[in-house]
Amino acid sequence: MNRHRLRQLLLYGTFIIEFYDANELPDRFADILDDDLIYEDMSVEPISPEDHQFVTVRYTDLLKHLSDIDQLITERVTEWKITRIGKVELAAIRLAVYEMNFDPDVPKKVSINEAVLLAKEFGGGSSGSFVNGALSRIIK
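Small disclaimer: the values here were computed from a predicted structure and weren't measured.

1. A closer look at the overall build of the chain
Logical step 1: Scanning the chain for helices and strands turns up eight helices and zero strands.
Logical step 2: Along the chain, helices (α) and strands (β) appear in the sequence α-α-α-α-α-α-α-α when read from the amino end.
Logical step 3: Since a compact globule built from 140 residues should have a radius of gyration of about 14 Å, the 14 Å found for the chain is in line with a globular shape.
Logical step 4: In terms of overall dimensions, the chain has a C-alpha envelope of 40 × 30 × 30 Å along the principal axes.
Logical step 5: By residue count, 45% of the 140 residues in the chain fall in the buried class.
Logical step 6: Here the chain has roughly 7,600 Å² of accessible surface; of this, 50% comes from carbon and sulfur atoms.
Logical step 7: One finds the centroid of the 16 positive side-chain charges in the chain at a distance of 12 Å from the centroid of its 24 negative side-chain charges.

Right, dumping it as structure tokens:
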């Protein structure tokens, strides 16, 4: 599965952060990875064991750093309270901030570009622009 598709799965997992207790998130993410309907919707084969491990490790690490990620968003995107940011946009921003700060294998430009693409794909009309602007403030 290509990296964009893996990021889509991570976006789903990051999106659900707003709806479950922290201790439930690993199990809910595992449910997402095991849901065949997701792969039908993405028009891809179900995730391989290697990719399953890849996204699970990153998701677990993202959750570990979530308070640091949210603090950085709060400090840099000052005109929006984190609770007022759309859920899809927040998930894309969180994922990009995680990659830019805690995943040295991903170049920052790639993180930003992918977050904007995911926001456009799953969000509303101005989601991509919003995510791009927020990440521009965060990266400075």
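2. Considerations on helix H6 (residues 87-102)
Logical step 1: Helix length check: H6, at 16 residues, gives a terminal C-alpha distance of 22 Å against a target of 22 Å (1.5 Å per residue), a fit within 8%.
Logical step 2: The buried fraction of H6 is high, at 13 of 16 residues.

3. Some words on the confidence of the model for the chain
Logical step 1: Chain-level statistics for the chain give a pLDDT mean of 95 and a share of 100% at 70 or above.
Logical step 2: Ranking the elements of the chain by mean pLDDT puts helix H3 (residues 36-42) last with 88 and H6 first with 98.

4. Quick notes on the packing of helix H1 (residues 3-15) against helix H2 (residues 25-33)
For any two helices packed against each other, the geometry is given by the interaxial angle and the distance between the axes.
Logical step 1: Running from N to C, H1 and H2 point in directions that differ by 140 degrees, and their axes come no closer than 10 Å. Note on packing geometry: the crossing formed by H1 with H2 is right-handed. Judged by residue contacts, Leu 9, Leu 10, Tyr 12 and Gly 13 of H1 engage Phe 29, Ile 32 and Leu 33 from H2.
Logical step 2: Broken down by class, the residue content of the contact of H1 with H2 amounts to six nonpolar, one polar and no charged.

5. Here's the deal with the packing of aromatic side chains
Logical step 1: On inspection of all chains with the given rule, the structure shows five aromatic pairs.
Logical step 2: Ring centres 5.3 Å apart and planes at 45 degrees place the aromatic pair Phe 15 and Phe 19 in the tilted group.
Logical step 3: Look at Phe 19 and you get partly exposed, because its relative accessible area is 48%.
Logical step 4: Aromatic side chains Phe 29 and Tyr 59 sit 4.0 Å apart centroid to centroid with 20 degrees between the ring planes, which places their arrangement in the stacked category. Placement of the pair is Phe 29 in helix H2 and Tyr 59 in helix H4 (residues 49-64), with a sequence separation of 30 residues.

Criteria and thresholds
Residues numbered from 1 in each chain as written. Predicted model: local features only at pLDDT ≥ 70, side-chain atom pairs only at ≥ 80, totals over all residues. Heavy atoms only, no water. Helix = DSSP H or I, 4+ residues; strand = E, 2+ residues; numbered from the N terminus. Rg over C-alpha atoms; globule rule 2.2 N^0.38 Å. Buried < 20%, exposed > 50% of the residue type's maximum accessible area, 1.4 Å probe, protein only. Areas by Shrake-Rupley, 256 points an atom, 1.4 Å probe, with all protein chains shown as cover. Lys, Arg positive; Asp, Glu negative; His and termini not counted. Charge placed at Lys NZ, Arg CZ, Asp CG, Glu CD. Expected span 1.5 Å × (residues − 1). pLDDT = per-residue confidence, 0-100. Axes fitted to C-alpha atoms, helices over the stretch in contact; angles between N-to-C directions. Left-handed = near helix turned anticlockwise from the far one by under 90°. Contact = heavy atoms within 4.5 Å. Nonpolar A, V, L, I, M, F, W, Y, C, P; charged D, E, K, R; others polar. Phe/Tyr/Trp six-rings, centres within 6.5 Å; stacked < 30°, edge-to-face > 60°.

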